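# Overview (structure and organization)
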Amino acid sequence: MTKTAPLTADTLVARYATDIASVTDEKPATTPGDFIQQLHTAHRTLADLSGISLADDLDTAAIYLTDAVQPDNTDTETQTLLRKAADLMRDIPDAVAEYQLA
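Keep in mind that this is a model prediction, so the values were computed, not measured. (Residues numbered from 1 in each chain as written. Predicted model: local features only at pLDDT ≥ 70, side-chain atom pairs only at ≥ 80, totals over all residues. Heavy atoms only, no water.)

### Overview of the overall build of the chain
As a reminder, the rule being used: Only DSSP runs of H or I with at least four residues qualify as helices, and only runs of E with at least two residues qualify as strands; both kinds are numbered from the N terminus onward. Per-residue accessibility, obtained with a 1.4 Å probe over protein chains only, is compared with the maximum for each type, and a residue is labelled buried under 20%, exposed over 50%, and partly exposed between these values. Residues count as neighbours in contact if any of their non-hydrogen atoms are within 4.5 Å of one another. Accessible areas in this description were obtained via Shrake-Rupley with a 1.4 Å probe; residue shielding takes into account the shown protein chains only. Charge assignment in this entry is limited to Lys and Arg as positive and Asp and Glu as negative, and neither His nor the chain termini are counted. Here the site of a charge means atom NZ of a Lys, CZ of an Arg, CG of an Asp or CD of a Glu.
The number of helices and strands found in the chain is 5 helices and 0 strands. Overall, the chain shows an N-to-C arrangement of helices and strands of α-α-α-α-α. Along the first, second and third principal axes, the C-alpha atoms of the chain reach 40 × 30 × 20 Å. Considering the chain as a whole, with its 102 residues, one finds that 37% of them fall into the buried category. Sequence separation of 24 or more characterises 49% of the internal contacts of the chain that already satisfy a separation of 6 or more. Surface summary for the chain: the accessible area is close to 6,100 Å², and the carbon and sulfur share equals 50%. Of the charged side chains in the chain, 7 are positive and 17 negative, and the gap between their average positions amounts to 7 Å.

See the structure below:
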């Protein structure tokens, strides 16, 4: 059985920062802290201006990501929180595409 590498906050930033930045009109985030702020901004933009249903998931993902980067977490807690955030963010590309069409 092949073991996969642990998920990291930096992995999520690298995976979704460009898409989120296209909604926030900012440069792509390079740190988890900046990315979390952009997720909150994207949530407001997508929810208030476009009515895209994924918006609430972004805000919840930002909360999970904030909790995941706390230094007092165990590895298991961090991985659980990062997986929850990742699950909520998996449709970001589709939501951004919908936003750009609006």
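### Overview of helix α1 (residues 9-24)
Applied cut-off: One fewer than the residue count of a helix, multiplied by 1.5 Å, yields its expected span.
Here α1 contains 16 residues, and its C-alpha end-to-end distance of 19 Å is more than 12% below the 22 Å for a straight helix at 1.5 Å per residue. Buried within α1 we find Ala9, Leu12, Val13, Tyr16, Ala17, Ile20, Ala21, Val23 and Thr24. Lining the buried residues of α1 we find α2 (32-50), α3 (55-68), α4 (75-89) and α5 (92-101). Asp25, located one to two residues past α1, shows a positive phi value of around 60°.

### So, the packing of α1 against α4
So the rule is basically this: All axes here are fitted lines through C-alpha atoms, helices being fitted over the stretch that makes contact, and every angle between N-to-C directions spans 0 to 180 degrees. In this scheme, roughly parallel covers angles under 35 degrees and roughly antiparallel covers those over 145, while 65 to 115 is roughly perpendicular and the rest are oblique.
Contact pair α1 / α4: the axes reach a minimum separation of 10 Å and the direction vectors enclose 10°. Classified by the angle between their axes, α1 and α4 sit roughly parallel to one another. When α1 is examined against α4, the residues Ala9, Leu12 and Tyr16 are found in contact with a partner set consisting of Leu82, Ala85, Ala86 and Met89.

### Topic: the nonpolar core
So the rule is basically this: Here the nonpolar core consists of buried residues drawn from Ala, Val, Leu, Ile, Met, Phe, Trp, Tyr and Cys, with membership extended through side-chain atoms lying within 4.5 Å.
Leu12, Phe35, Leu39, Leu58, Leu65, Met89 and Ile92 are the most contacted members of the largest nonpolar core, which has 30 residues in total. Looking at this core, the elements with two or more residues in it are α1, α2, α3, α4 and α5. At 7 residues, α1 tops the list of elements feeding residues into this core.

### Observations concerning a negative patch on the surface
Rules: Nonpolar side chains (Val, Leu, Ile, Met, Phe, Trp, Tyr) within 5 Å and like charges within 9 Å form the patches, drawn only from residues with over 30% relative accessible area and no salt bridge. Salt bridges, as used here, are contacts in which a Lys or Arg side-chain nitrogen is within 4 Å of a carboxyl oxygen on Asp or Glu.
Negative charge collects at one region of the surface, where Asp56, Asp57, Asp91, Asp94 and Glu98 lie side by side. Residue placement: Asp56 occurs in helix α3.

### A word on the packing of α1 against α2
The angle between the axes and the distance between the axes are what describe a pair of packed helices. Test applied: The hand of a helix crossing depends on one turn: near helix anticlockwise from the far one by less than a right angle means left-handed, and clockwise means right-handed. Side-chain classes follow a simple rule in which Ala, Val, Leu, Ile, Met, Phe, Trp, Tyr, Cys and Pro form the nonpolar group, Asp, Glu, Lys and Arg form the charged group, and the remainder, Gly included, forms the polar group.
Taken N-terminus to C-terminus, the directions of α1 and α2 make an angle of 40°; their axes are 9 Å apart at the nearest point. Taken together, the axes of α1 and α2 lie oblique to each other. Once α1 is placed against α2, the crossing between them reads as left-handed. Residues Ala9, Asp10, Leu12, Val13, Tyr16, Ala17, Ile20, Ala21, Val23 and Thr24 of α1 form the contact with α2, whose participating residues are Pro32, Phe35, Gln38, Leu39, Thr41, Ala42, Thr45 and Leu46. A class-by-class count of the residues in the contact of α1 with α2 yields 13 nonpolar, 4 polar and 1 charged.

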